[in-house]
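Coordinates in review
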Amino acid sequence: MMERIRQGMVHAFWMVSLAVIIGTVFNMVRPAGIPFVGDWSPQAVTELYAGDLEIITIDDAFALLSKEQALFLDARDKEAFDAGHLPNSVNMTPDQAADRYEEVRTMLKAGKTVIAYCYDVDCPLGADLVRDLRDLGVGPVKVMPEGWTGWLDRGYPYE
């Protein structure tokens, strides 16, 4: 009985090994193969989500806020917004952009920098909101990829 279990384990090992080798060879030969090692640093994730959008760092956003030159768009859901948000924030999710873009135009006319944010670099909602507003002809609106958690990590004020 133990000999059969051992043989089964050896066969399973070789089958898995062969599958890994075949998969690796096909991936290497394929022109658009999947990279074995990816860059998942905050900078790389930011570039992935933000793409061609104008990015602002948390420290620069705080400097603008300190000079009363920043207004924020919180792209998180209402419950998260109600639990805490950046000073001078308005809650606006990407699905609300088409209905509320005139509010953003009014903010921009006030001469302030409008900055959208979400939870953190892994949350694309801030970038999605900026893209939706840009598609509606509203801008420039910047995105702050490090978002809510990055703001809290730095110890900056919140409401």
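Please refer to the structure higher up on the page.
It should be emphasised that the depicted structure is a prediction, and the values quoted were computed from it without experimental measurement.

1. A few points about the environment of Leu65
Structurally, Leu65 is set in helix 3 (residues 58-66). Separated by 34 residues in the primary sequence, Leu65 and Pro31 place their C-alpha atoms 47 Å from one another. Other than its neighbours up to four places away in sequence, Leu65 contacts Ala70, Phe72, Pro87, Asn88 and Trp151.

2. Quick word on empty space enclosed by the protein
Under the counting rule described, the total for this entry stands at 1 cavity of 30 Å³ or more. Roughly 70 Å³ of internal volume is contained in the largest cavity. Residue lining of the largest cavity: Thr46, Tyr49, Ala50, Cys118, Asp120, Val121, Cys123, Gly126, Ala127, Val143, Met144 and Pro145, and that is the complete set. Here the element with the most residues in the lining of the largest cavity is helix 2 (residues 42-50); it accounts for 3 residues.

3. Description of the pattern of salt bridges
Counting across every chain of the model gives 10 salt bridges. Here Glu54 makes a salt bridge to Lys142, at a shortest N to O gap of 3.3 Å. One end of the pair, Glu54, is in the loop between helix 2 and helix 3; the other, Lys142, is in strand 4 (residues 141-144), and 88 residues separate them in sequence. With a shortest N-O distance of 3.0 Å, Arg105 and Glu102 are connected by a salt bridge. Of the two residues, Arg105 and Glu102 are both situated in helix 5 (residues 97-109); the distance of 3 residues between them amounts to about one turn of the helix. Here the residues in one salt-bridge network are Asp59, Glu146 and Arg154, joined through shared partners.

What counts as what
Residues numbered from 1 in each chain as written. Predicted model: local features only at pLDDT ≥ 70, side-chain atom pairs only at ≥ 80, totals over all residues. Heavy atoms only, no water. Helix = DSSP H or I, 4+ residues; strand = E, 2+ residues; numbered from the N terminus. Contact = heavy atoms within 4.5 Å. 1 Å grid on protein atoms, 1.4 Å probe; cavity = no way out; pocket = protein on both sides within 12 Å on 5 of 7 lines; lining within 4 Å. Points joined across faces, edges and corners; volume = space filled by probe spheres on them. Salt bridge = Lys/Arg side-chain N within 4 Å of Asp/Glu carboxyl O.

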